[in-house]
Structures are given as C-alpha cells and as structure tokens.
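Here is what each chain is made of, one letter per residue.
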Amino acid sequence: METALVTGANRGIGYALVKALVDSDFRVLAGCRDLENSVGLKKLESSGSIQILELDVSSDESVEAAARKSPDRIDIIVNNAGLMPERGNESIAEIDFNHLRSAFEVNVLGAARVIRSFLPRLRRSNRPRILNVSSGLGSIAERDSSTYYAYAVSKAALNMLTRSTAFEFAPEGITVVAISPGWVRTDMGGEEADISPEESAAALVEAIRKIGPNLSGKFLDRFGQTGKYVW
Ligand SMILES: NC(=O)c1ccc[n+]([C@@H]2O[C@H](COP(=O)([O-])OP(=O)(O)OC[C@H]3O[C@@H](n4cnc5c(N)ncnc54)[C@H](OP(=O)(O)O)[C@@H]3O)[C@@H](O)[C@H]2O)c1
C-alpha cells in the first residue's frame, strides 16, 4: 500500500483528495495547520483511515515536526495547501506587499519546506512522486490579464520550483510535476466554478496513479495529461 501526504487537507480540494485516496486504498497522511478546524479529518482518523499531521507549511518548525511524526517511507507528496490572499482586481500601484509575502510564504516556500523536510522519507519509496498543485493563473505564456498579482506570481514561482526540482531529482527517479486541479467549487474557487472538489479529486487520484519519470518536469491538467497548460 502506498502512502500519500496531502497538505491543506482539512477543506476544499485537499479534503476531497484525502477521502478519494482512502477510497482508492492509499494510506493517507493529512496535513492540517489547525486541528480544531478539521472535524471531517478527525472522523476519518477515528475510523482508522488516515493519520492527521499538524502541519503549517509556513513554519519550518511545524513542517520538520510533522516529518518526524511520519512513517519512514512516503511515496507521494501533494503540495496542495494554498493561499489566494487578494480581492483580485488590485492595481500594482496599490498592491499590498503583505499579499505577495503571504502568497509566497505558503504557495512557494511552503512547498519547498515540505519537499526538503520529507525528502529522506520520499527517497525510501520505490516510486516517489511530488505533485505541486498549481493553477492556470501561474502560466506566463497564457497570461492575458493583470488580476490576482500575488497568487499568479507565486504560482509561476511554484512552477519554476517544480521544473528545477524535477531536474535535480531526475537521476534518482523522483517524479515532480505541477498539476492544475481545474476550476473547483471551494472557498477559493467560488460557487461559480466548473467542478466539485470530488470531481477534481477523482481525477487527481488517477493522475497520482499514472504519473512517472516520463512526465517529470511537466505542467499537467488534473487528469495527468500534458497539452492543456503551458509554462
Ligand atoms: N479552487 C480552485 O478553483 C483552484 C484552481 C487552481 C488551483 N487551486 C489550488 O488548489 C489548492 C487547494 O485549493 P482550494 O480551492 O481547496 O482552496 P481552499 O478551499 O481555500 O483551501 C485551502 C487549503 O490550504 C490550507 N492552507 C492555507 N495556508 C496554509 C498553511 N500555512 N499551512 C497549511 N495549510 C494551509 C487551508 O487550511 P486552513 O483551513 O487552515 O486555512 C485549506 O485547507 C491550492 O493550492 C490552490 O491554489 C485551486
């Protein structure tokens, strides 16, 4: 049985992904920064389906402590925790730099921290995979507006982290991809979005099943396919 770590697992896409992975016979480590804010996860934990890890991706100490409490081997890391701190229509002339800082802290440094701290465990897997949950808003080539500065700039940086780590880890067979979950009805995606968290999660599980070194360094859609998203 493979073990998957999902960050930001208490709500939205992360929570749906935890449930879908459990239903697909993965062992799941559910990272969550606020244990009081994880009623659904607690139910899953009491039924023995998952292990909850207190994990604030913006804190070195929290991520290190979570890694120490984890099993010796992890096969899959899903860097899902994410933040969209702004309204979206701000001009660069009035941008709040704290939005840029917080988006980078969670969306970029958060993923880097998790990779760094969990790497020894990932290296014990026969089929190690890292999925960085990105967004079409992180695509530079497709950019056609000036909305969501902090979020978009941070996801573009996450894409570069993905591509760079893919090259570093290629010799040891660790697959690293950026993956878009689609436009999903969550607190972040809003009610008008195209798909439910469950639909997104079902596709992501299939992607997790199939990705391997041939897709490392790619920007994938939620089904694990290339072609829809460009850097
Ligand atoms: N929804 C979409 O349409 C869409 C589209 C493209 C990409 N994405 C990406 O998909 C991922 C999940 O998005 P979502 O729609 O599920 O968002 P969401 O409903 O806003 O949930 C965000 C999750 O991230 C967690 N999080 C935020 N800061 C954290 C931190 N410092 N440490 C640990 N966890 C933290 C939140 O935990 P708390 O409850 O503690 O705040 C929550 O569990 C994100 O990376 C997002 O950028 C979403």
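Just above sits the structure.
Attention in this report is confined to the structure presented alongside it. Worth saying up front: this structure is predicted, and the values here are computed from it rather than measured.

**What about the site of the ligand?**
Okay, step 1: Within the structure, the ligand sits among 28 residues, and Asn10, Arg11, Arg33, Tyr151 and Thr186 are positioned closest to it.
Okay, step 2: Measuring from an oxygen atom of the ligand, one finds a side-chain N or O atom of arginine 11 at 2.6 Å.
Okay, step 3: Here a nitrogen atom of the ligand sits 2.9 Å away from a polar atom, N or O, in the side chain of aspartate 56.
Okay, step 4: Protein chains bury 95% of the 900 Å² of accessible surface belonging to the ligand in isolation.
Okay, step 5: Looking at side-chain class alone, the shell around the ligand contains eleven nonpolar, twelve polar and five charged residues.

**Topic: the layout of surface pockets**
Okay, step 1: Reported here for the largest pocket is a volume of approximately 1,100 Å³.
Okay, step 2: Along the wall of the largest pocket there are 42 residues; nearest its centre are Gly82, Tyr151, Thr186, Met188 and Gly189.
Okay, step 3: If you list the elements that add at least two residues to the lining of the largest pocket, you get helix 1 (12-23), strand 2 (27-32) and helix 5 (149-169).
Okay, step 4: With three residues, the top contributor of residues to the lining of the largest pocket is helix 1.

**Focus on the pairing of strand 2**
Okay, step 1: Within strand 2, five of the six residues are buried, which leaves the element mostly enclosed by the surrounding structure.
Okay, step 2: Handedness of the crossover joining strand 1 (residues 3-6) and strand 2 through helix 1: right-handed.
Okay, step 3: Taken together, the five bridges between strand 2 and strand 3 (residues 50-54) define a ladder with parallel strand orientation. Note on strand 3: the bridge partner recorded for leucine 29 is glutamine 51.
Okay, step 4: Tracing the backbone out of strand 2, into helix 2 (residues 39-46) and back to the parallel element strand 3 gives a crossover that is right-handed.

Thresholds applied
Residues numbered from 1 in each chain as written. Predicted model: local features only at pLDDT ≥ 70, side-chain atom pairs only at ≥ 80, totals over all residues. Heavy atoms only, no water. Near = heavy atom within 4 Å. Polar contact = N/O pair within 3.5 Å; in protein donor to acceptor, adjacent residues only side chain to side chain. Areas by Shrake-Rupley, 256 points an atom, 1.4 Å probe, with all protein chains shown as cover. Nonpolar A, V, L, I, M, F, W, Y, C, P; charged D, E, K, R; others polar. 1 Å grid on protein atoms, 1.4 Å probe; cavity = no way out; pocket = protein on both sides within 12 Å on 5 of 7 lines; lining within 4 Å. Points joined across faces, edges and corners; volume = space filled by probe spheres on them. Helix = DSSP H or I, 4+ residues; strand = E, 2+ residues; numbered from the N terminus. Buried < 20%, exposed > 50% of the residue type's maximum accessible area, 1.4 Å probe, protein only. Right-handed = clockwise from strand over helix to strand, strands pointing away. Pairing = 2+ DSSP bridges.

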